[in-house]
Structure formats: C-alpha cells, structure tokens
Amino acid sequence: SVPADNSVTSAKIVDGTITGTDLATNIDLVNNQKLRLGTGNDLQIYHDGTNSFIVNNDGDLLIRNTTGNEIKIQAVSGEQSIQCIGDGAVELYFDGSRKLRTKTAGVEIEGELGMADNYKIKLGTGEDLQIYFDGTNSFIKEPNSVAGQLVIDGYNGTDIRRGATGDH
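What counts as what
Residues numbered from 1 in each chain as written. Predicted model: local features only at pLDDT ≥ 70, side-chain atom pairs only at ≥ 80, totals over all residues. Heavy atoms only, no water. Pairing = 2+ DSSP bridges. Helix = DSSP H or I, 4+ residues; strand = E, 2+ residues; numbered from the N terminus. Axes fitted to C-alpha atoms, helices over the stretch in contact; angles between N-to-C directions. Phe/Tyr/Trp six-rings, centres within 6.5 Å; stacked < 30°, edge-to-face > 60°. Buried < 20%, exposed > 50% of the residue type's maximum accessible area, 1.4 Å probe, protein only. Patch = residues over 30% accessible without salt bridge, like charges linked within 9 Å, V, L, I, M, F, W, Y side chains within 5 Å. Areas by Shrake-Rupley, 256 points an atom, 1.4 Å probe, with all protein chains shown as cover. Salt bridge = Lys/Arg side-chain N within 4 Å of Asp/Glu carboxyl O.

Colleague: Hey, could you run me through the pairing of strand S13 (residues 138-141) in this one?
Modeller: Within a regular strand, the side chains alternate between the two sheet faces. As paired strands, strand S12 (residues 129-133) and S13 are joined by 4 bridges and run antiparallel to one another. Bridge pairing in S13 links Ile131 to Ile140.

Printed below as a string of structure tokens:
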C-alpha cells in the first residue's frame, strides 16, 4: 500500500531509477515527463499537455499479441479504425464502417473505389490493361504491344452503348 505521504515503499529510487519488485500503485508523471525504456532510452511514452506520444528511437516498433487475438486501433473509443485479426484479415474502417479487408485471395472493398483524374487501375504483370478517366474521356486501354486482343465477353451477351440515346 501507499503511505499517506505518497512515498514508494515496495521499491526504492536510486539515482532516478526505480528498483525492487512490483509497484502497488500508479506511476504518475506530469506533462513532458517521459517513461523511458531501454539502455539508451530508446522507447519513450509521454504526454505534452495536449497530445500523447509513443516514440521509438531504435529498430522497429512492434505491436503484437502472443496469441491469435486481435489488435484494434480505435480513433474514437468503441469505434474501429484498424483491426488486425490473428491469423486472418486486416480491416480498415471509415467512421466505424468497414471499407477494406484483406483475405486469402486478395482484397475486398466495400463501397466505392474513388480515384482522381488520370489515376489508373493497372492489371496484368506488365500492366497490360489500364482503366482510367483523364478528366475528359474514359479509357479501357492496352498500352503495351501484347499478344492477344481486348475481349469484352458477357455471359448473356455484350452490349456497348453510346450516350443517353443508347445507340449501339
């Protein structure tokens, strides 16, 4: 227990270092005082009065479970932003609604895939098929000289229409 004068009795402080066994109380630090870990103070956790920081000064910063549980990042309490599922998907959320999920066969998008003008969807090892809008015109394009043809094949037929009139 912590005595009334708030001194630490389950451990001792020597030259600014806490030594001993488990602390039976919180460690309270004022703004800009850092919890520093590692011989060179390589990992620091602190609050500057406005923002909170986790700063890594050496090597990679790894956040991991030792079991197959999930790692969740919530920008707002109780509302998912990023969810990493043990041995499974990684999911990205917008305002608590899942928008992108990795899966065994690739990626699943829920909702629209919005892209600015001149950005291209490139398919094929050599980016042999491109789909894009240049601000004026829409393109389905084979930019490289590839063997084969551009085939548009619909299961129940194929209809290519022009404008509001629906001309073929």
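Colleague: Whenever I open this one, the sheet that holds strand S5 (residues 52-56) confuses me. Can you help?
Modeller: By definition, the strands of a sheet pair up through backbone hydrogen bonds, in either a parallel or an antiparallel sense. One open sheet accounts for 3 strands, arranged S3-S4-S5; its pairing is antiparallel. On the outer flanks of this sheet lie strand S3 (35-37) and S5, each paired with one strand and no other. Taking each pair of neighbouring strands and ignoring which way they run, the sheet shows an average axis angle of 10°. Inspection of the sheet shows strand S4 (residues 43-47) paired to S5 by 5 bridges, in the antiparallel sense. Opposite Leu43, over in S5, you have Asn56 as the bridge partner.

Colleague: What exactly am I supposed to notice about the packing of aromatic side chains here?
Modeller: Aromatic rings considered in pairs are described by the distance between their centres and by the relative angle of their planes. Applying the stated rule across the entire model yields 2 aromatic pairs. Note on Tyr46 and Phe53: the rings are 5.0 Å apart at their centroids and 15° apart in plane angle, and the pair reads as stacked. Relative to Phe139, the ring of Tyr132 has its centre 4.9 Å away and its plane inclined at 15°; by these criteria the two rings are stacked. Residue Tyr132 is classed as buried on the basis of its relative accessible area, which comes to 11%. Note on Phe139: relative accessible area 28%, which makes it partly exposed.

Colleague: So what exactly am I meant to see when it comes to a nonpolar patch on the surface here?
Modeller: A grouping of Val107, Ile109, Leu113, Met115, Tyr119, Ile121, Leu123, Ile131, Ile140, Leu150, Ile152 and Ile160 is seen on the molecular surface, where their side chains present a nonpolar patch of about 1100 Å² in accessible area. Listed by contribution, the elements that provide at least two residues to the nonpolar patch are strand S10 (106-109) and strand S11 (120-123).

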